[in-house]
Amino acid sequence: MLGNFSYSNPTRLHFGKDALDALKSELAAFGPVVQLCYGGGSIKRNGIYDKVVAALAEAGKTVVEDAGVMPNPTVDKLREGARIARENNVDFILAVGGGSTIDYAKGVSVAAHFDGDAWETFYKQQQAPAPGARILPVGAVLTMVGTGSEMNGGSVITNHEEGLKIGKVFDERVMPRFAILNPEFTYTLPRYQMVAGFFDIMSHLMEQYFSNDDDNTSDYLNEGLMRSLVSATRIAVTEPENYEARSNIMWTATWALNTLLKCGKRQDWMVHMIGQAIGAQTNATHGMTLSAVSLAYYRHVLPYGERKFARFAEIVWGVRTEGKTQREVAEAGIDALEAWMKEIGVVMRASELGVTEAMLDAVADSTIIFDSGYHQLTREEVIDIVRKSL
Ligand code: NZQ
Ligand code: ZN
């Protein structure tokens, strides 16, 4: 392993059917006023809201409601949340929901007492909050599996007016202090969201896997997680309430993007960059923006990282190597990925998300291009990949 890195993760996890029991004692460490952030109402329908509010009451907290966090949270909602936090002298932010709600809570935590435009500074300019800046602590109760937001510093905000969807990876000060992970809380997810989350996990794993040529323990960990994910998702799509499968998927999602696997790696992230550009144009579900472009992207970059793609084929998908060239093995791996995607039922074409030929320039304009994978794309290649995905 040749890269340098520092590793530390401050988030305490509580996992399993009884995980919510830990909420009351976790809350004790923070001040009396809690901003309760949640989405469009799923937590009211499935009873999670009542359980969380009961724990907040038992902990003696004053609750400031902050509902209506939309999927792909917007900059306008972020500004509203920061105002709510300031005006109510909030001490702690509790996010109950999926990646959107948790990402939003992190944005509010840095924006609330920031004397400037948080979107401009933290997201567009990618600056870090100043040393000593007042950042409100965040906790999470996870209800949708996929993003890994429960144990990382990521926060993705969308500005529809500017046609931009930008992720900022904040440092430990912004990462959740704790996260409650009960796999049963995810049972009420609509199937579309459930499988979008499954693909998001796979994409996080692949983004970190397909870079570097050195022998790195992170890649072996990654392969184990990919194999667990493929196995458990095959069960979950036929038996959505199989606790064993759903719990393994939840645990895999957290490890897929909680700062461990990137250690010593350059990391690719181009599927996410193209997916986010599509998200900014269409507001489509995150995981589906990734599935729609992944096959065209990986088939395009495969020749530049053939050896790693062949390893992926053999270890993750069990592709037999006898009588095949390295290229044929590598290509069979992507074919196996495609078959699994069809099996779990993700969106296979960007046109299904509303992407049209007329949008290609706008998508390319808002795609941030990194040079950290096996091949640095040009703008024309981005257009070509999205066109092939239509
Ligand atoms: O809003 P409600 O009513 O709660 O409904 C949500 C929402 O419509 C629903 N839902 C969540 N839990 C449910 C449920 N419905 C029924 N039962 C439950 N238990 O699911 C819908 C989607 O939720 P959302 O939070 O938007 O999904 P996800 O977790 O996929 O988050 C997506 C956002 O996270 C960002 C994405 O870009 C996107 O903005 N990401 C964050 C990352 C990070 N923090 O590191 C990395 C990811 O790559 C990703 O970019
Ligand atoms: Zn993602």
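Note that this is a predicted model, so its numbers are computed, not measured.

Undergrad: Help me understand the overall build of the protein, please; the structure alone is not making it clear to me.
TA: Broken down by element type, the protein carries 15 helices and eight strands. For 390 residues, the compact-globule estimate of 2.2 N^0.38 gives 21 Å, and the protein sits close to it at 20 Å. A principal-axis box enclosing the C-alpha atoms of the protein has dimensions of 70 × 45 × 40 Å. Out of the 390 residues belonging to the protein, those deemed buried represent 59%. Once local pairs closer than 6 in sequence are excluded, the contacts in the protein between residues at least 24 apart make up 81%. Here the protein displays about 15500 Å² of accessible surface, and carbon together with sulfur accounts for 50% of that area. In the protein, 37 side chains carry a positive charge and 48 a negative one; their mean positions are 2 Å apart.

Undergrad: For this particular structure, what's the right way to read the sheet that holds strand β4 (residues 92-97)?
TA: Backbone-to-backbone hydrogen bonds join strands into a sheet, with any given pair of strands oriented parallel or antiparallel. Pairing within the open sheet is parallel, and its six strands lie in the order β1-β8-β5-β4-β2-β3. Each edge of the open sheet is held by one strand with a lone partner, namely β1 (12-15) and β3 (62-66). Each neighbouring strand pair of the sheet contributes to a mean axis angle of 20°, computed without reference to strand direction. Where β1 meets strand β8 (residues 178-181), four bridges bridge the pair, whose relative direction is parallel. Bridge assignment links F15 to a residue of β8, and that residue is L181.

Undergrad: So what exactly am I meant to see when it comes to the domain arrangement of the protein here?
TA: How large an interface is tends to be reported as the accessible area lost when its parts come together. Domain annotation of the protein identifies domain 1 (12-185) and domain 2 (191-389). The C-alpha centroid of domain 2 is placed 27 Å from the C-alpha centroid of domain 1. Counting residues at the interface gives 27 residues for domain 1 and 24 residues for domain 2. When domain 1 packs against domain 2, the two sides together hide about 2100 Å² of surface, and 65% of this comes from carbon and sulfur. Looking only at domain 1, the three residues that lose the most surface to domain 2 are V145, K165 and P183, adding up to 26% of its buried area. The interface formed by domain 1 and domain 2 contains zero salt bridges. Here the element with the most residues in the side of domain 1 that touches domain 2 is strand β7 (residues 164-169); it accounts for four residues. Across the side of domain 1 that touches domain 2, the residue classes tally to 13 nonpolar, 10 polar and four charged.

Undergrad: Teacher, can you tell me more about the nonpolar core here?
TA: In this structure, I274, W317 and W340 are the most contacted members of the largest nonpolar core, which totals 109 residues. By residue number, the principal contributor to this core is helix α7 (residues 191-209), which donates 10 residues. Two domains each put at least three residues into this core: domain 1 (12-185) and domain 2 (191-389). Contact partners of W317, with chain neighbours within four places excluded, come to M202, V230, R234, F312, G333, A336, L337 and W340.

Undergrad: Would you mind showing me how to read the site of ligand 1 here?
TA: Neighbouring ligand 1 are 30 residues; G40, S42, G99, S100 and D103 lie closest to it. The contact in question runs from a nitrogen atom of ligand 1 to an N or O atom on the backbone of L189, over 3.5 Å. In this structure, an oxygen atom belonging to ligand 1 sits 2.8 Å away from a side-chain N or O atom of H204. Burial of ligand 1 by the protein amounts to 89% of the accessible area it has alone, namely 960 Å². Looking at the shell around ligand 1, the elements with two or more residues in it are α5 (99-111), β6 (154-159) and α7. Across the shell around ligand 1, the residue classes break down as eight nonpolar, 19 polar and three charged. Each of domain 1 (12-185) and domain 2 (191-389) contributes no fewer than three residues to the shell around ligand 1.

Undergrad: Honestly, a nonpolar patch on the surface in this entry has me stumped. Any pointers?
TA: The grouping of M1, F5 and Y7 at the surface amounts to a nonpolar patch, some 300 Å² of accessible area in total. Note that M1 resides in the segment before β1. The class for M1 is partly exposed, based on a relative accessible area of 46%.

Undergrad: Quick question: what am I supposed to make of the packing of helix α8 (residues 217-238) against helix α12 (residues 306-317) here?
TA: A pair of packed helices is captured by two measures, namely the crossing angle of their axes and the spacing between those axes. One way to put it is that α8 packs onto α12 with a least axis distance of 9 Å and a crossing angle of 50°. The orientation of α8 relative to α12 falls into the category oblique. The crossing of α8 and α12 is right-handed. Across from D219, Y220, E223, M226, R227, V230 and R234 in α8, the residues of α12 making contact are K308, R311, F312, I315, V316 and W317. Along the lines of polarity and charge, the residues of the contact of α8 with α12 split into seven nonpolar, no polar and six charged.

Undergrad: Looking at this structure, how should I read the pattern of salt bridges?
TA: It is possible for side chains bearing opposite charge to pair when their charged atoms get close. In the structure shown here, the tally under the stated rule is 24 salt bridges. K77 is the partner of E80 in a salt bridge, and the nearest nitrogen-oxygen pair spans 3.0 Å. Linking E80 with K77, this pair stays in helix α4 (residues 75-87), spanning three residues, or about one helical turn. Residue E80 is classed as partly exposed on the basis of its relative accessible area of 34%. You can call K77 buried: its relative accessible area is 5%. Linking R299 and E338 is a salt bridge whose minimum nitrogen-to-oxygen distance equals 2.8 Å. Within this pair, whereas R299 is found in helix α11 (residues 286-301), its partner E338 is found in helix α13 (residues 326-344), the two being separated by 39 residues in sequence.

What counts as what
- Residues numbered from 1 in each chain as written.
- Chains lettered and ligands numbered in written order.
- Predicted model: local features only at pLDDT ≥ 70, side-chain atom pairs only at ≥ 80, totals over all residues.
- Heavy atoms only, no water.
- Helix = DSSP H or I, 4+ residues; strand = E, 2+ residues; numbered from the N terminus.
- Rg over C-alpha atoms; globule rule 2.2 N^0.38 Å.
- Buried < 20%, exposed > 50% of the residue type's maximum accessible area, 1.4 Å probe, protein only.
- Contact = heavy atoms within 4.5 Å.
- Areas by Shrake-Rupley, 256 points an atom, 1.4 Å probe, with all protein chains shown as cover.
- Lys, Arg positive; Asp, Glu negative; His and termini not counted.
- Charge placed at Lys NZ, Arg CZ, Asp CG, Glu CD.
- Pairing = 2+ DSSP bridges.
- Axes fitted to C-alpha atoms, helices over the stretch in contact; angles between N-to-C directions.
- Domains from an automatic or database assignment.
- Buried area = accessible area lost by both parts, 1.4 Å probe.
- Salt bridge = Lys/Arg side-chain N within 4 Å of Asp/Glu carboxyl O.
- Nonpolar A, V, L, I, M, F, W, Y, C, P; charged D, E, K, R; others polar.
- Core = buried A, V, L, I, M, F, W, Y, C linked by side-chain atoms within 4.5 Å.
- Near = heavy atom within 4 Å.
- Polar contact = N/O pair within 3.5 Å; in protein donor to acceptor, adjacent residues only side chain to side chain.
- Patch = residues over 30% accessible without salt bridge, like charges linked within 9 Å, V, L, I, M, F, W, Y side chains within 5 Å.
- Parallel < 35°, antiparallel > 145°, perpendicular 65-115°, else oblique.
- Left-handed = near helix turned anticlockwise from the far one by under 90°.

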